Amino acid sequence: MTAAARPFDVIVVGLGAMGSAAAAHLAARGQRVLGLEQYQPAHDQGSSHGHSRVIRLAYFEHPSYVPLLRRAYALWGDLERETGTRLLTVTGGLMVGRPDSEVVRGTLESARLHDLPHETLDAGALQRRFPTFTPAPDLVGVFEPHAGVLRPEACVQAHLAVAASHGADLRFGERVTGWTVLAGGDGVEVQTQQETHAAGRLVLAPGAWAPDLFALPQLPLEVERQVLFWLDPVGGTAPFTPDRFPVYVWDHGAGVQVYGFPAQDGLPDGVKVAFFRTGRGTRCTPQTIDREVHASEVTMMREAIADVIPSLAGGELRAATTCMYTLTPDHHFVIGPHPRHPQVILASPCSGHGFKFASVVGEILADLATAGTTAHPIALFDPLRFAGTSAR
Ligand SMILES: Cc1cc2nc3c(=O)[nH]c(=O)nc-3n(C[C@H](O)[C@H](O)[C@H](O)COP(=O)(O)OP(=O)(O)OC[C@H]3O[C@@H](n4cnc5c(N)ncnc54)[C@H](O)[C@@H]3O)c2cc1C
């Protein structure tokens, strides 16, 4: 089939955080887009549900994320204006741990390298400023003013709305079962439970389903079960409103990190808290994940915050749900062309910290699917970095 005869320029598989953003950027550039999603818009079976996601600029994971974050913030703002929806609330962010912890050290390194506004607070100053926290005397906090909360379901819906407004054909309840690159590399075919679709390029953004759909055995992706908790603080939520209580990541050492949010308007009663890293995650697949939250897990969460936010630790459990991380061994993202098929773009920006980047990832995926390259710095995300050079 010639390019002109094909009904679509690009097929996007998965319309979660990354796929919805890719579809929006591609359609806005005039590409004829087909988006395929096995569930309904902004569903709760993948990685992008639970009402809140942290966004922060002084990035402890690696300073090279900061330029991407600057662009991500700008694009979230554009999306808010274009759709008339509120997606981001800036609350400030507090990164707490021992001075040599990953969270504190890495935040300070990014802040210094990129000249980002921040304040370092010793335990006494931290508690005077944010009395709800009770840090041990040997801990420090780094406060950064730009951090805040994104509303993930609204972000996905907003990207879908932009994609649709530019003519993208978005189909829900249609599961992709496989894909093939046509002979001579002239386009792709995507098989679904309903039919087969053809296009010039393919963007795969399947979240926790990536290990099956990427067809790239050299990429060691693992899916991890996570639990989100909402607790009703003893004494009420007044000390937890966004003007008094920031988003935070608390490094307990030994690979254990806890994070949380202020109370959110109009959302399930209680204040959300979770493990960012547990030090020993539960591996699963989307088919095998245990969706039930067990009493022992609630106890473990309470114990982890008993010394740091006692009023939350003692509160009544209001809700809990599961979610999936798709992890790489170095916890950096996977974004780039499939090594054997340059017309297929792979997107797994997760390892538990990808949501905040979805807006800029959409732009990157649109660059890669149209021009084959991007001006954004994505060298850290090479799909083949775990395979050595021989597999190329
Ligand atoms: C508990 C938890 C907390 C997190 N907290 C943060 C945070 O605070 N800040 C942050 O930046 N990030 C955070 N993250 C990470 C972030 O949410 C993820 O990186 C991001 O949601 C991944 O988006 P995605 O588009 O890759 O996956 P998803 O949004 O899950 O989208 C993938 C989509 O592909 C669809 N799909 C898969 N296979 C097929 C198929 N065969 N056919 C059709 N459709 C298919 C799925 O149904 C799904 O809709 C968190 C993640 C979790 C789970």
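Further up the page is the structure itself.
Predicted model only: the values in this text are computed from it and were never measured.

As a packed pair, helix α2 (residues 66-83) and helix α5 (residues 152-165) sit with axes 10 Å apart at the nearest point and diverge in direction by 65 degrees. Regarding the angle of α2 to α5, the classification is roughly perpendicular. For α2 against α5, the interelement crossing comes out left-handed. On the side of α2, the interface is formed by Trp76, Leu79, Glu82 and Thr83, while α5 contributes Cys155, Ala158, His159 and Val162.

Relative to the helices and strands, glutamate 37 is located in strand β2 (residues 33-37). In this structure, glutamate 37 is buried with no salt-bridge partner, the nearest side chain bearing the opposite charge being arginine 175 at 9.9 Å. Apart from residues lying up to four places away in sequence, glutamate 37 is in contact with Gly14, Leu15, Gly16, His43, Arg171, Phe172, Gly173 and Glu174.

Here we come to the site of the ligand. What surrounds the ligand is a group of 35 residues, the closest being Glu37, His43, Ser48, Val54 and Cys323. In isolation the ligand offers 1000 Å² of accessible surface; the protein chains occlude 98% of this area. Breaking the shell around the ligand down by element, the ones donating at least two residues are α1 (17-28), β2, β3 (53-55), β13 (222-232) and β18 (316-327). With three residues, the top contributor of residues to the shell around the ligand is β18. Looking at side-chain class alone, the shell around the ligand contains 18 nonpolar, 12 polar and five charged residues.

Within the element layout of this structure, glutamate 222 appears in strand β13. Taking the C-alpha atoms as reference, glutamate 222 lies 5.1 Å from leucine 327; in sequence the two are 105 residues apart. Those residues in contact with glutamate 222, other than ones at most four positions away along the chain, are Arg283, Tyr325, Thr326 and Leu327. Polar side-chain contacts of glutamate 222 include one of 2.5 Å to the side chain of arginine 283.

Moving on, we get to the nonpolar core. Taken as a class, soluble globular proteins show a tendency for nonpolar side chains to be buried jointly. Ranked by size, the top nonpolar core spans 55 residues in total, and within it Leu26, Trp76, Val203, Ile335, Phe357 and Leu365 carry the most contacts. Contributing elements (two or more residues each) for this core: β1 (8-13), α1, α2, α5, β20 (341-348) and α9 (358-371). The residues contacting isoleucine 335, other than those within four sequence positions of it, are Leu346, Pro349, Val361, Ile364, Leu365, Leu368, Ile378, Phe381 and Pro383. Formed by 28 residues, the second largest nonpolar core is a distinct cluster that contains Leu94, Leu121, Phe130 and Phe275.

With respect to the helices and strands, the residue glutamine 264 is situated in the loop between β15 (256-260) and β16 (271-277). Polar contacts involving the side chain of glutamine 264 include one to the main-chain carbonyl oxygen of histidine 51, which spans 3.1 Å. If we skip the residues at most four places from it in the chain, glutamine 264 touches His51, Ser52, Val149 and Arg151.

Summed over all chains, the structure comprises 16 salt bridges. Linking arginine 6 and aspartate 186 is a salt bridge whose minimum nitrogen-to-oxygen distance equals 2.9 Å. Of the two residues, arginine 6 is situated in the segment before β1 and aspartate 186 in the loop between β10 (176-181) and β11 (188-192); the sequence distance between them amounts to 180 residues. In this structure, glutamate 224 engages arginine 283 in a salt bridge whose closest nitrogen and oxygen atoms are separated by 2.7 Å. Placement of the pair is glutamate 224 in strand β13 and arginine 283 in strand β17 (residues 282-284), with a sequence separation of 59 residues. Three or more residues are tied together by salt bridges with common partners; here these are Asp169, Arg171 and Glu195.

Burial analysis of β16 places seven of its seven residues in the buried class, the great majority of the element. The sheet contact formed by β13 and β16 spans four bridges and is antiparallel. Across the sheet, tryptophan 230 pairs through a bridge with lysine 272, a residue of β16. Across four bridges, β15 lies against β16 in antiparallel orientation. Bridging from a neighbouring strand, glycine 260 pairs with valine 273 of β16.

Cut-offs and rules
Residues numbered from 1 in each chain as written. Predicted model: local features only at pLDDT ≥ 70, side-chain atom pairs only at ≥ 80, totals over all residues. Heavy atoms only, no water. Axes fitted to C-alpha atoms, helices over the stretch in contact; angles between N-to-C directions. Helix = DSSP H or I, 4+ residues; strand = E, 2+ residues; numbered from the N terminus. Parallel < 35°, antiparallel > 145°, perpendicular 65-115°, else oblique. Left-handed = near helix turned anticlockwise from the far one by under 90°. Contact = heavy atoms within 4.5 Å. Buried < 20%, exposed > 50% of the residue type's maximum accessible area, 1.4 Å probe, protein only. Lys, Arg positive; Asp, Glu negative; His and termini not counted. Salt bridge = Lys/Arg side-chain N within 4 Å of Asp/Glu carboxyl O. Near = heavy atom within 4 Å. Areas by Shrake-Rupley, 256 points an atom, 1.4 Å probe, with all protein chains shown as cover. Nonpolar A, V, L, I, M, F, W, Y, C, P; charged D, E, K, R; others polar. Polar contact = N/O pair within 3.5 Å; in protein donor to acceptor, adjacent residues only side chain to side chain. Core = buried A, V, L, I, M, F, W, Y, C linked by side-chain atoms within 4.5 Å. Pairing = 2+ DSSP bridges.

In short, the description is geometric, and any link to function would need to be established separately.
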